[in-house]
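Below, each chain spelled out in residue letters.
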Amino acid sequence: MVTETPEYIYYECSECDDVTEHTILRGKMGNANVTGTFRCTGCGHVFTGTIKLPKELPVKVMLSTGDVTETTETVLMEDEIVAVGDEFDLDDGRHVCITFIDVEDGSRRKKVPAPEVKALWVKNYDVLQIKVSVNDYKKTYPMLCDAEPDDEFTVGMYMHFDMWDCVIHAIKTKDKLMRRGTTEARNIVRVYAKIRHRDGSDSIGDDGQDFDEDFEFADDAVMDFDD
């Protein structure tokens, strides 16, 4: 049961004609509602009234770690929309990410309203293993790098492994191939890097051409840990 006035609430805006997030500018809690002044974050419409608060829904959580599956529980709000890829914290503080959603009809869906959720399948998301393809012009070496979800990787950044140092020259995210810029570890599919020699020079081919001019970023040319 909600006992403190929340900062925002989802409600059907009369101007947007859609359920949007509303900031509670002033509010007083009732038994199952809040009375006050609200502002739609979508269009800015402000109104005064009483909004019924969503119920709390206990939901089963299946946490998979390797071959072991642990059953626990979390609480969703009645007005939430839950999607694969969403992150949240369990009661014990472990950070997890949703991988599958079981619904009441026995099927699995990628995005559903909270009342339709039967169980959430999640994985630990405290530390990610980032795939790194390191190239010395002649050969590509597959490596793994541990990172927290919000760690940032930048094109041009140096990475240090036991065998060599290397510099990032491209990052493949879920949406695009980046040749410049920064992104968080949670968005990364693969990091492409080239060996950086101890004298500070980059890898050079036998014909004297710089590595960047010839290297192709095709997935089928890269060794994959899943293969």
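Residues numbered from 1 in each chain as written. Predicted model: local features only at pLDDT ≥ 70, side-chain atom pairs only at ≥ 80, totals over all residues. Heavy atoms only, no water.

(A) Seen up close, a negative patch on the surface. Residues Asp89, Asp126, Glu148, Asp150, Asp151 and Glu152 make up a contiguous surface patch of negative charge. Structurally, aspartate 151 can be placed in the loop between strand S13 (140-147) and strand S14 (152-154). Judged by its relative accessible area of 31%, aspartate 151 falls in the partly exposed class. (Patch = residues over 30% accessible without salt bridge, like charges linked within 9 Å, V, L, I, M, F, W, Y side chains within 5 Å. Areas by Shrake-Rupley, 256 points an atom, 1.4 Å probe, with all protein chains shown as cover. Salt bridge = Lys/Arg side-chain N within 4 Å of Asp/Glu carboxyl O. Lys, Arg positive; Asp, Glu negative; His and termini not counted. Charge placed at Lys NZ, Arg CZ, Asp CG, Glu CD. Helix = DSSP H or I, 4+ residues; strand = E, 2+ residues; numbered from the N terminus. Buried < 20%, exposed > 50% of the residue type's maximum accessible area, 1.4 Å probe, protein only.)

(B) Representation of the pairing of strand S2 (residues 18-29). Strand direction decides the pairing type here: strand S1 (residues 8-13) and S2, joined by 6 bridges, are antiparallel. Note on S2: the bridge partner recorded for tyrosine 8 is threonine 23. Taking the residues that link successive antiparallel strands as the turn, the S1-S2 hairpin has 4 residues, and the phi of aspartate 17 there is positive, at about 55°. For S2 and strand S3 (residues 33-40), the ladder comprises 7 bridges, and the chain directions are antiparallel. For lysine 28, the partnering residue across the bridge sits in S3 and is threonine 35. (Pairing = 2+ DSSP bridges.)

(C) Broad picture of the nonpolar core. Counting 23 residues, the largest nonpolar core has Ile130, Val132, Val134, Phe153, Met159, Phe161 and Val191 as the members making the most contacts within it. Residue assignment for this core shows that the elements contributing at least two residues are strand S12 (128-135), S13, strand S16 (165-173) and strand S19 (188-196). The residues contacting methionine 159, other than those within four sequence positions of it, are Val132, Cys145, Phe153, Trp164, Asp165, Cys166, Ile168 and Val191. Listed in part, the 16 residues of the second largest apolar core include Leu76, Val82, Val96 and Leu120. (Core = buried A, V, L, I, M, F, W, Y, C linked by side-chain atoms within 4.5 Å. Contact = heavy atoms within 4.5 Å.)

(D) Representation of a nonpolar patch on the surface within the structure. A grouping of Tyr8, Tyr10 and Val19 is seen on the molecular surface, where their side chains present a nonpolar patch of about 300 Å² in accessible area. Tracing the chain through its elements places valine 19 in strand S2.

(E) The arrangement of the environment of threonine 37 in detail. Along the polypeptide, threonine 37 turns up in strand S3. Between the C-alpha atoms of threonine 37 and threonine 23, which are 14 residues apart in sequence, the distance is 8.6 Å. In contact with threonine 37, not counting residues within four places along its chain, are Thr23, Ile24, Leu25, Arg26, Val46, Phe47 and Thr48. A polar contact of 3.3 Å, which involves the side chain of threonine 37, links it to the side chain of threonine 48. (Polar contact = N/O pair within 3.5 Å; in protein donor to acceptor, adjacent residues only side chain to side chain.)

(F) The sheet that holds strand S4 (residues 46-52), seen in detail. Taken in spatial order, the 4 strands line up as S1-S2-S3-S4 in an open sheet, and their pairing is antiparallel. Lying at the two open borders of the sheet, with one neighbouring strand each, are S1 and S4. The mean angle between the axes of side-by-side strands here comes to 50°, regardless of whether they run parallel or antiparallel. (Axes fitted to C-alpha atoms, helices over the stretch in contact; angles between N-to-C directions.)

(G) Seen up close, the pattern of salt bridges. Evaluation of the coordinates by the stated rule reveals 6 salt bridges. Between arginine 94 and glutamate 70 there is a salt bridge, with the nearest N and O atoms lying 3.0 Å from each other. Note that arginine 94 is positioned in the loop between strand S8 (87-89) and strand S9 (95-103) and glutamate 70 in strand S6 (residues 68-77), a separation of 24 residues in sequence. Note that glutamate 184 is salt-bridged to arginine 186, the shortest N-O span being 2.6 Å. Classification of arginine 186 by relative accessible area gives partly exposed; the value is 21%.

(H) A look at the packing of aromatic side chains. By the definition in use, this model includes 3 aromatic pairs. An aromatic cluster is present here, built from Tyr11, Phe38 and Phe47 joined pairwise through their rings. The residue whose ring lies beneath arginine 108 is phenylalanine 100, and the NZ or CZ to ring-centre distance is 4.5 Å. (Phe/Tyr/Trp six-rings, centres within 6.5 Å; stacked < 30°, edge-to-face > 60°. Lys NZ or Arg CZ within 6 Å of the ring centre and 35° of its normal.)

(I) Highlighting the side chain of aspartate 102. Looking at the element boundaries, aspartate 102 is found in strand S9. Looking at aspartate 102, the relative accessible area reads 17%, which means it is buried. Side-chain polar atoms of aspartate 102 contact the side chain of arginine 108, separated by 2.9 Å. At 2.7 Å, the side chain of aspartate 102 forms a polar contact with the side chain of tryptophan 121. The residues contacting aspartate 102, other than those within four sequence positions of it, are Ser107, Arg108, Glu116, Val117, Lys118, Ala119 and Trp121.

Nothing here speaks to function; it is all geometry.
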